[in-house]
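# Overview (structure and organization)
Below are the chains, spelled out letter by letter.
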Amino acid sequence: MDENNRTDKEILTKGIRQMALCLLLMFLGPFMMHIAISNQEKSLYIPILIVAAILCASAIYFLFKGLNTILDSIFKKK
């Protein structure tokens, strides 16, 4: 096999780390959203809801970024 067709392990590791962060955010965002919605009478309802929405959006961002990084490590040639 040609040396140029190998997977770049450093970029693959970076992509796997991004996917691990995505997994963490995929659980943390909806969990905080549930906490915020179940405590609507509390004074921190709006800030917790905003943070939860940001965490959910970050999970989606890191999902696409991680997948793109993994695919780059496998298919891109230097």
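Look a little higher up for the structure.
Position numbers for residues count from 1 along each chain, tracking the sequence in the order it is written. Per-residue local features of the predicted model are confined to residues with pLDDT of at least 70, and side-chain atom pairs are confined, for both listing and counting, to 80 or more; whole-chain, interface and lining totals are unaffected and use all residues. For side-chain calculations, the full set of non-hydrogen atoms in the structure is used, while hydrogens and water are omitted.

## Here's the deal with helix 1 (residues 9-38)
Between its first and last C-alpha, helix 1 extends 44 Å over 30 residues, near the 44 Å set by a 1.5 Å rise per residue. Among the residues of helix 1, Gly15, Gln18, Cys22, Leu25, Gly29 and Ala36 are the ones counted as buried. Helix and strand assignments follow DSSP, with helices taken as H or I runs no shorter than four residues and strands as E runs no shorter than two, numbered in order from the N terminus. In this analysis, the expected span of each helix is defined as 1.5 Å times one less than the number of residues it contains. The buried label applies to any residue whose accessible area, calculated with a 1.4 Å probe on protein chains only, is under 20% of its type's maximum; exposed applies above 50%, and partly exposed to all values in between.

## Observations regarding helix 2 (residues 45-75)
With 31 residues, helix 2 should reach 45 Å at 1.5 Å per residue; the first-to-last C-alpha distance of 45 Å fits that figure. When we look at burial in helix 2, the residues that qualify are Ala52, Leu55, Ala59, Gly66, Thr69, Ile70 and Ser73. Any pair of residues with heavy atoms lying within 4.5 Å of one another is described as a contacting pair. On its buried side, helix 2 packs onto helix 1.

## Section: the packing of aromatic side chains
Here a ring pair, both rings aromatic, is described through the centre-centre distance and the interplanar angle of the planes. Each Phe, Tyr or Trp ring (for Trp, its six-membered ring) is paired with any other whose centre lies within 6.5 Å, and the angle between the two planes then decides the class: stacked below 30 degrees, edge-to-face above 60, tilted in between. Within the structure shown, the criterion is met by 1 aromatic pair. Judged by centre distance (5.3 Å) and plane angle (75 degrees), the ring pair of Tyr61 and Phe62 falls under edge-to-face. When its relative accessible area of 48% is taken as the criterion, Tyr61 is described as partly exposed. When its relative accessible area of 21% is taken as the criterion, Phe62 is described as partly exposed.

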